[in-house]
Amino acid sequence: MTGTIDRAEVFSLLESFASADAGIAVVGSMNADYTVTTERLPQPGETVNAGPLRVLPGGKSGNQAASAAKIGAKVRLLGAVGQDSNAEFLLGELRKAGVDVSDVLHVPGPSGTTVITVDSHGENTIVYSPGSNAQVDVDYIRDHASVITNAAVLGLCLESPLPAVIESAKIAHEAGVKVLVNDSPFIPKLPAELIANSDILLVNEHEMSQLLGLSEPEDGDWDGVDWTAIASTLHDFGYEQAVITLGGDGSVVVDGDQVERISPVRVDAVDTTGCGDSFMGTILAGLAAGLTLGRAAQVASYVSAYAATGAGAQASYGDVRQIRELFGA
Ligand SMILES: Nc1ncnc2c1ncn2[C@@H]1O[C@H](COP(=O)(O)OP(=O)(O)O)[C@@H](O)[C@H]1O
Ligand SMILES: [Mg+2]
């Protein structure tokens, strides 16, 4: 395990992201998140009252792109929106964050949506309607291959059809563009072609355990587990590099033979929705700026902790000035 850099160094790295020439491509999903808060979740057939409806910009890829762009990275997003009012809403929010959405596909029908219910304990139910996200196909990706090949790094998640995700990875891999894959929403069997054409895996602790067939520590103490053995299992699985996020406990970076424990950054957490995506967006930005995976994760630890202090996903992301201010840096 290697050491943690100090806060001043983290913020000088974060400050450097805006001057990186190298860009990021993100391929994937955008969703309008329809969110209500209830005392308790309804049973089947039951109606319960909720607080006011909030419609917030989301979708894992949109979130990852927004997070990276807000901290200064150059980001282009490939994905699809529908022909409803959410299309302009989603694109407008991404543009405000600084994401280049000029290559996003417009298709008939509704944009991607999620219907989210959150109870008074923070427990939730989420229903995902892919809408336009389902129409991101191989032809569209091939037509926009230059967006990927002109980037330094590509970010992928699994909210889009797998053939398009795999094609994106192949195009990037052939062009020497680094590929970061987020196995989320989780699928237990990552296609061999995706593994072969990607460089770095990013998963949370639950996704990692399921993917590698490991049992989670009963006491929730991830510091008690043998990370060197996990690193070696990850290598056998096909990844020399990986990031495992541990919620409020921070994260672990596997980079070849090195295992680095990244401490959590303490904040008064309000809503951790979208923290994983914020973390991933920052890793993408850090890699584009030429940082090692470990350094990028140290910066991501601060950026994603900031995201825990506000409601929603994209709505909770900060720019460099706001993040500096929160941490008095
Ligand atoms: N309560 C929290 N306090 C501080 N940082 C947090 C908190 N929750 C999440 N984070 C940060 O966000 C990262 C991603 O969160 P995590 O819950 O692991 O992802 P996911 O949303 O995919 O489950 C964590 O590694 C951590 O750096
Ligand atoms: Mg989590």
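- The protein chain is annotated in an unreviewed UniProt entry as Ribokinase from Bifidobacterium vansinderenii.
- The Subcellular location (unreviewed entry) comment attached to the protein chain in UniProt states, word for word, "Cytoplasm".
- What UniProt states about the protein chain under its Pathway (unreviewed entry) heading is, verbatim, "Carbohydrate metabolism; D-ribose degradation; D-ribose 5-phosphate from beta-D-ribopyranose: step 2/2."

## Section: the site of ligand 1
- Around ligand 1 sit 15 residues, and of these N204, T245, G247, G250 and S304 come closest.
- Within the backbone of G276, one N or O atom sits 3.4 Å away from an oxygen atom of ligand 1.
- At 3.2 Å from an oxygen atom of ligand 1 is found a side-chain nitrogen or oxygen belonging to S304.
- Alone, ligand 1 offers 550 Å² of accessible surface; in the complex the protein occludes 82% of this.
- When contributions to the shell around ligand 1 are tallied by element, the ones reaching two or more residues are α10 (275-288) and α11 (293-307).
- Looking at the shell around ligand 1, the element that brings in the most residues is α10, giving 3 residues.
- A per-class count over the shell around ligand 1 returns 7 nonpolar, 8 polar and no charged.

## Observations regarding the pattern of salt bridges
- In the structure shown here, the tally under the stated rule is 12 salt bridges.
- With a shortest N-O distance of 3.5 Å, E88 and R95 are connected by a salt bridge.
- Its salt-bridge partner being K170, residue E193 comes within 2.9 Å of it at the nearest N-O pair. Here E193, found in helix α7 (residues 192-196), pairs with K170, found in helix α6 (residues 162-174); they are 23 residues apart in sequence, far enough to count as distant.

The rules behind each value
Each chain has its residues counted from 1, running along the sequence as written. Here the convention is simple: chains get letters from A, ligands get numbers from 1, in the order in which they are written. Reporting in this predicted model follows two pLDDT cut-offs: at least 70 for local features of residues, and 80 or more for side-chain atom pairs to be given and counted; totals over whole chains, interfaces and linings ignore these cut-offs and use all residues. Side-chain numbers come from the whole structure's heavy atoms, not from hydrogens or water. UniProt positions are given in the numbering used here, feature names are shortened, and annotations may be inferred rather than shown by experiment. Any residue with a non-hydrogen atom lying within 4 Å of a molecule or strand is treated as near it. Throughout this description, a polar contact denotes any pair of N or O atoms lying within 3.5 Å of each other; where both atoms belong to protein, one of them has to be capable of donating a hydrogen while the other can accept it, and for residues adjacent in sequence the pair is counted only when both atoms sit in side chains. Using the Shrake-Rupley algorithm and a 1.4 Å probe, accessible areas are obtained, with residue cover drawn only from the displayed protein chains. Secondary structure elements are taken from DSSP: a helix is a run of H or I of four residues or more, a strand is a run of E of two residues or more, and numbering for both begins at the N terminus. Polar here means any residue other than Ala, Val, Leu, Ile, Met, Phe, Trp, Tyr, Cys and Pro, which are nonpolar, and Asp, Glu, Lys and Arg, which are charged; Gly is therefore polar. Basic side-chain nitrogens of Lys or Arg form a salt bridge, by our definition, when they fall within 4 Å of a carboxyl oxygen of Asp or Glu.

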